[in-house]
Structure formats: C-alpha cells, structure tokens
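Okay, here's what each chain looks like letter by letter:
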Amino acid sequence: MAEVVVVSDQEAAGDLAAHIILDTIRRRPEAVLGLATGSTPLSTYRRLAQQVKERSLDVSHVRGFALDEYVGLPHDHPESYRSVITRDVVVPVGLNPSQIHVPDGALAGIEHAGADYEGSIADAGGIDVQLLGIGTDGHIGFNEPGSSFASLTRVKTLSEQTRRDNARFFDDQDDVPMHCITQGLATILRAGHLVLLAFGEGKAEALAGAVEGPVSASNPGSAIQLHPRVTVIADEAAASALRHVEYYRYAYAHKPSWQGF
Ligand code: PGA
C-alpha cells in the first residue's frame, strides 16, 4: 500500500518531496529523477533549488527524464514541457541540461519517439525516483482513463477534461495540443520509488480513486497500488475523500525512525 502523508500545505509537501529526492542524490550522485510538470511539483522544485544552493550540493551527475510532452509544439514554445522543465527545474536547481531528457514531441519521427525514449531510460539504468501529479480525471503522466497498465512511452490523445484543465497555460483552450507523448503506466511502475503529490479539493476524488479505488485502467492513477514503494503527499483538501485517512495519519505519526521513505 502507498504511504500517505497528509501535510498542511504545498510548501510542507515540497519540503518532504525535496527531502526524498535529496536523500536519493546523497546516496547516489548520478541518481535518475523522473520529473513531472504542471503546477503540482513547483514547491518541490523550489525547495530542491534552495537546498542545493544552501548545502552547495554537487548535482552535476544527476540525470532526469520528464514524464511527458505535447506533440507538435515547437521545442522553444514557452509551454512545451521541454521549456517548462528547463525553466522550473534545470535552471533553478542547476542540473546539467545535457543529462535531462524530455520525450520528443516533434511530428517528424514521432512514430519512433516513444521507443527511443524507453531506450534512453533503459540506458540510464532506469528511474530512481519518479515525481507524479494526478489529473482531475485520474491520469498520471498523460495516461488518460483507459490506458493499459502494460503501456510504455507512446502518443496519446488528451481528454477534453485535461485540455480544459491545461487551458490556463495557453491563450485559448483550442491552443492546447490534442496529442501528447507520455511515459506509459508500465514505464512509471518500473521506477524505484513513486512520489505522488496532490493538492486541493479538485484532486480529492481522483486521489481517493488512485489510493483506495479498484485497480482499473479506467482509473490510471490506481496503477500505483501495484507498486511496492509509493509515497503519496497530499494537503487536507486533496486527502478529504480518503476513507482511511485517520489510519494514514496514525501510521505516519507512529512511523519508526529507522523506516525512511
Ligand atoms: P497540475 O496537473 O499539477 O497542473 O494540477 C497534474 C497532472 O495533470 O498530472
């Protein structure tokens, strides 16, 4: 079962997620990070950048793989995930850009971009810690409802709900690309440790489905129940629909100090 940690706010969540990432880098300076985009991981990246600076940590060997990318947006479009990852993570944390990978959403070569990306992840030896957000429709990465648990990186069609949710990053909802290339659910499940963050009431139902609902392709987030090492970090609002929330609080409050994450 996932370890569920309920925190007071996004800053506290960012502290905890950054702690998990920093601990991984401390143990393995060439750690491979799975990087999420969207609003959810921003407090984690801010905290990570701050800690790296304060502790003068060497992150030059850290490698990274983004979860997903839009198909057909120019690489230098400000909302391409390549641009977002550069702006939100690579520059502030001081990662080596040549070691940070984003699926290639260019139309030319899109038919083999997924397999190429899987090859790059395998060459890196796999992802150590995968950060995840969750969509209001239950997606992780851009694996929309119906995605196979056996899926690898491939092109998907974004749901109308996701395009509506992401319209805030664009001038108009019609500007949100229709297609994306995303790590598959099986790709995500291969990572060593999943850290899923969720904030706000809008995520409550999706989070409850992921953590406690039936394991079903109709609810892609529920794939996390198949992974042996998952940390879910949620604020009170996102945790509000969890049936067993009192148990999660109790377990975390009594967590043995040797247990770690
Ligand atoms: P958000 O998106 O962080 O912008 O809410 C999460 C997701 O779609 O995975």
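What you are looking at is a predicted structure, and each value in this text was computed from that prediction instead of being measured. Residue numbering note: each chain is counted from 1, following its sequence as written. pLDDT decides what is reported in this predicted model: residues at 70 or higher carry local features, side-chain atom pairs at 80 or more are listed and counted, and totals for whole chains, interfaces and linings draw on all residues regardless. Each side-chain value is derived from all of the structure's non-hydrogen atoms; neither hydrogens nor water enter the calculation.

Looking now at the side chain of Asn166. Secondary structure elements are defined from DSSP: runs of H or I of at least 4 residues count as helices, runs of E of at least 2 residues count as strands, and each element is numbered from the N terminus. When you line up the elements, Asn166 lands in helix H5 (residues 160-166). Only protein chains enter the area calculation, which uses a 1.4 Å probe; residues under 20% of their type maximum are buried, those over 50% are exposed, and those in between are partly exposed. Here Asn166 falls in the buried class, since its relative accessible area comes to 10%. Throughout this description, a polar contact denotes any pair of N or O atoms lying within 3.5 Å of each other; where both atoms belong to protein, one of them has to be capable of donating a hydrogen while the other can accept it, and for residues adjacent in sequence the pair is counted only when both atoms sit in side chains. A distance of 3.1 Å separates a polar atom in the side chain of Asn166 from a polar atom in the side chain of Tyr70. Pairs of residues are marked as contacts when any of their non-hydrogen atoms sit within 4.5 Å. Residue contacts for Asn166: discarding those within four places in its chain leaves Tyr70, Tyr81, Phe142 and Val176.

Quick look at the sheet that holds strand S1 (residues 3-7) now. One bridge is not enough; two strands pair if DSSP finds at least two bridges between them. Judged by pairing direction, the sheet is parallel, and its seven strands sit side by side in the order S1-S10-S9-S6-S2-S3-S5 without closing on themselves. The open sheet is flanked by S1 and strand S5 (100-101), the only strands paired with a single partner.

For our purposes a nonpolar core is just a set of buried Ala, Val, Leu, Ile, Met, Phe, Trp, Tyr and Cys residues, chained together by side-chain atoms within 4.5 Å. Ranked by size, the top nonpolar core spans 68 residues in total, and within it Leu196, Leu207, Ile224, Val232 and Leu242 carry the most contacts. Beyond its immediate chain neighbours, meaning those up to four positions away, Leu242 contacts Val4, Leu207, Ala208, Val211, Glu212 and Tyr248.

UniProt positions are given in the numbering used here, feature names are shortened, and annotations may be inferred rather than shown by experiment. Feature annotation in UniProt assigns "active site" (unreviewed entry) to the following positions: Asp68, Asp137, His139 and Glu144. You can see Asp68 is positioned in strand S4 (residues 68-70). By relative accessible area, which is 4% here, Asp68 ends up buried. Asp68 has contacts with Thr37, Tyr81, Val102, Pro103, Gly141, Phe142, Ile181 and Thr182, leaving out every residue within four places of it along the chain. Here Glu144 is to be found in the loop between strand S6 (129-132) and strand S7 (154-157). Once residues lying within four places of it in the same chain are set aside, the contact partners of Glu144 are Asp137, His139, Lys156, Thr157, Leu158, Ser159, Thr162 and Pro220.

Mapped onto the present numbering, the UniProt feature "site: Part of the allosteric site" (unreviewed entry) falls at Ser147, Arg154, Lys156 and Thr157. Checked against the element boundaries, Arg154 lands in strand S7. Residues within four places of Arg154 in sequence aside, it is in contact with Asn143, Ser147, Cys180, Ile181, Thr182, Gln183 and Gly184. Tracing the chain through its elements places Lys156 in strand S7. When neighbours within four sequence positions are excluded, Lys156 is seen to be in contact with Phe142, Glu144, Ser147, Met178, His179, Cys180 and Thr182. Polar side-chain contacts of Lys156 include one of 3.4 Å to the side chain of Ser147.

A pair of aromatic rings is counted whenever rings of Phe, Tyr or Trp (Trp by its six-membered ring) have centres within 6.5 Å, and the orientation is called stacked for planes under 30 degrees apart, edge-to-face for over 60 and tilted otherwise. This model, assessed by the stated rule, comprises seven aromatic pairs. Ring centres of Tyr70 and Phe170 lie 5.7 Å apart, and the angle between their planes is 80°; on these two criteria the pair is classed as edge-to-face. In this pair, Tyr70 sits in strand S4 while Phe170 sits in the loop between H5 and strand S8 (179-182), placing the two residues 100 residues apart along the sequence. Each member of the pair, Tyr70 together with Phe170, is buried. In this structure an aromatic cluster arises from ring pairing among Tyr70, Tyr81, Phe142 and Phe170. Cation placement over rings: the criterion is NZ of Lys or CZ of Arg within 6 Å of the ring centroid and within 35° of the ring normal. Between the NZ or CZ atom of Lys255 and the centre of the ring of Phe261, over which it lies, the distance is 3.8 Å.

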